Amino acid sequence: MHPTSLVTLDIGGTKVNFGRFRNGIIEHNQEVPFCAHGSSAQIRQFLIDGIAAMIATDTTAICIGVPCIVDVEHGIVFDAVNIPAWQKYPLKDELSEHFDLPVYINNDVNCFVAGEANFGDVARFEKNVVGICLGTGFGTGFYLNDQLYAGHNCCAGELGGIPYLNGTLDDYCSGSFFTKMHHVNGAELAERARAGDVAAQAIFHEFAQHLAKGISYLMFTVDPKVIVVGGSVAKSFDLYIDSLWQSLDSFPYKKVRTNLNIVKSELKNAALLGAAALYIGSC
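Residues numbered from 1 in each chain as written. Predicted model: local features only at pLDDT ≥ 70, side-chain atom pairs only at ≥ 80, totals over all residues. Heavy atoms only, no water.

J.: I'd like a rundown of the overall build of the protein chain, residues and numbers included.
T.: The helix and strand tally for the protein chain stands at 10 helices and 15 strands. On C-alpha atoms alone, the protein chain measures out to a radius of gyration of 19 Å, which is about the 19 Å that the 2.2 N^0.38 rule sets for 283 residues. Taken along its principal axes, the extent of the C-alpha atoms in the protein chain is 55 × 40 × 35 Å. Counting all 283 residues of the protein chain, 52% fall into the buried class. Counting only contacts in the protein chain whose residues sit at least 6 apart along the sequence, the fraction spanning at least 24 positions is 65%. Carbon and sulfur atoms provide 51% of the accessible area of the protein chain, an area that totals close to 13,200 Å². Each charge class in the protein chain can be summarised by its mean position, and for the 19 positive and 29 negative side chains these summaries are 5 Å apart. (Helix = DSSP H or I, 4+ residues; strand = E, 2+ residues; numbered from the N terminus. Rg over C-alpha atoms; globule rule 2.2 N^0.38 Å. Buried < 20%, exposed > 50% of the residue type's maximum accessible area, 1.4 Å probe, protein only. Contact = heavy atoms within 4.5 Å. Areas by Shrake-Rupley, 256 points an atom, 1.4 Å probe, with all protein chains shown as cover. Lys, Arg positive; Asp, Glu negative; His and termini not counted. Charge placed at Lys NZ, Arg CZ, Asp CG, Glu CD.)

Right, dumping it as structure tokens:
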């Protein structure tokens, strides 16, 4: 049975999505621009103001996805690349003391895959699901044997840091590929590709070859049944999915490739729903 009301947050490097979860849905949400380079006190007040706007009289808990690793038990966030003030920050204590409510925190991509596995049409009821968020980096989250798997330090799925070619998977398997390797905005490139620009289409084909390498690591290590792709680069999914499958033809275990389903996320506010699942799964 779902709780009466939860406040859910999806914290990114440039914006925060604040939501209110009730009766199995996000009934209201608001994306607010976020100055991630502020002091810890400024960020704390920003979050308090946004949470206060979502709290109802029947709010049960606050549930948050953050773009870094987390001490899940104590709610301490570590080494947030895009939020300099959060290198070791007791986010749970700060918010639970202010609002006198329990606070649940996990990695943002973990929340994304938890949302897909618990609420999405494609991944719901599947035992082994991987979520991939393709934004400025290559982030993955694991939902294995019907539960979220974060690892001992909440670092499971941080594949973007794996060395690859002249950089890391982050550099080649995300939106950074278009800006760093081709000095072009990915959204503008997608418009050109859909208009028939052959050179733009070739760049998406090249991107697919790199992404296939990252996905092959997931196939070797996790062997999921479903991979759900979200993030800003998922908006161009149609421009690289065919090339991605072609590149995966070389994967040595044909049965693994044949039984894999790679789909674009169609679930609105998946990360907010997944944040709510942090609380629901604890009840």
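Continuing now.
J.: Can you tell me about the sheet that holds strand β14 (residues 226-230), naming the residues and giving the values?
T.: One open sheet holds the five strands; their spatial order is β11-β10-β9-β14-β15, and the pairing between them is mixed. Of all the strands in the sheet, the pair left with one neighbour each is β11 (147-149) and β15 (261-264). Averaged over all pairs of adjacent strands, the angle between strand axes in this sheet comes to 25 degrees, irrespective of strand direction. Sheet topology places strand β10 (residues 138-144) next to β11; three bridges connect them, and they run antiparallel. Pairing of Tyr143 across the sheet is with Leu148, part of β11. Against the sheet, helix α3 (residues 108-119) engages β9 (129-134), β10, β11 and β14, with an angle of about 45 degrees to β10. Here helix α8 (residues 237-247) sits on the sheet and contacts β9, β14 and β15; the angle it forms with β15, its principal contact strand, is near 170 degrees. (Pairing = 2+ DSSP bridges. Axes fitted to C-alpha atoms, helices over the stretch in contact; angles between N-to-C directions.)

J.: Give me the lowdown on the side chain of Ser265, citing residues and values where you can.
T.: With respect to the secondary-structure elements, Ser265 resides in the loop between β15 and α10 (270-280). A polar contact of 2.5 Å, which involves the side chain of Ser265, links it to the side chain of Glu116. There is a polar contact of 3.5 Å between the side chain of Ser265 and the backbone nitrogen of Leu267. Apart from the residues within four sequence positions on either side, Ser265 is in contact with Phe112, Glu116, Val228, Val229 and Gly230. (Polar contact = N/O pair within 3.5 Å; in protein donor to acceptor, adjacent residues only side chain to side chain.)

J.: Summarise α8; cite the residues concerned and give the values.
T.: All of the buried residues along α8 are Phe237, Leu239, Tyr240, Ile241, Ser243, Leu244 and Trp245. Where α8 is buried, its residues touch β9, α6 (186-194), α7 (198-221), β14, α9 (254-258) and β15.

J.: Before we move on, could you go through the nonpolar core and cite the residues and values that matter?
T.: Grouped together as the largest cluster of nonpolar side chains are 44 residues, with contacts concentrated most on Leu134, Phe178, Leu211, Ile215, Tyr240, Leu244 and Ile262. At the level of elements, β9, β10, α4 (169-172), α5 (176-182), α6, α7, β14 and α8 are the ones that each hand at least two residues to this core. Per element, the largest residue contribution to this core is 10 residues, and it comes from α7. Setting aside its immediate chain neighbours within four residues, Leu134 contacts Cys173, Phe207, Leu211, Val229, Gly230, Gly231, Ser232, Val233 and Tyr240. Counting 30 residues, the second-largest nonpolar core is a separate cluster that includes Phe18, Cys68, Ile83 and Leu101. (Core = buried A, V, L, I, M, F, W, Y, C linked by side-chain atoms within 4.5 Å.)

J.: Tell me what's going on with the environment of Ala200, and back it up with residues and numbers.
T.: By secondary structure assignment, the location of Ala200 is in helix α7. In this structure, the C-alpha to C-alpha distance between Ala200 and Glu188, residues 12 residues apart in sequence, is 9.5 Å. Among residues more than four places away in sequence, those in contact with Ala200 are Leu189, Arg192 and Ala193.

J.: I'd like a description of α3, backed by residues and values.
T.: Look at α3: 16 Å from first C-alpha to last across 12 residues, which is about the 16 Å you get at 1.5 Å a residue. The element α3 is extensively covered by neighbouring structure, given that 11 of its 12 residues are classed as buried. Among the residues of α3, Asp108, Val109, Asn110, Cys111, Phe112, Val113, Ala114, Gly115, Glu116, Ala117 and Phe119 are the ones counted as buried. You can read the cap of α3 off the contacts: a side-chain oxygen lies 2.9 Å from the backbone nitrogen of Val109, and it is on Asn107. (Expected span 1.5 Å × (residues − 1).)

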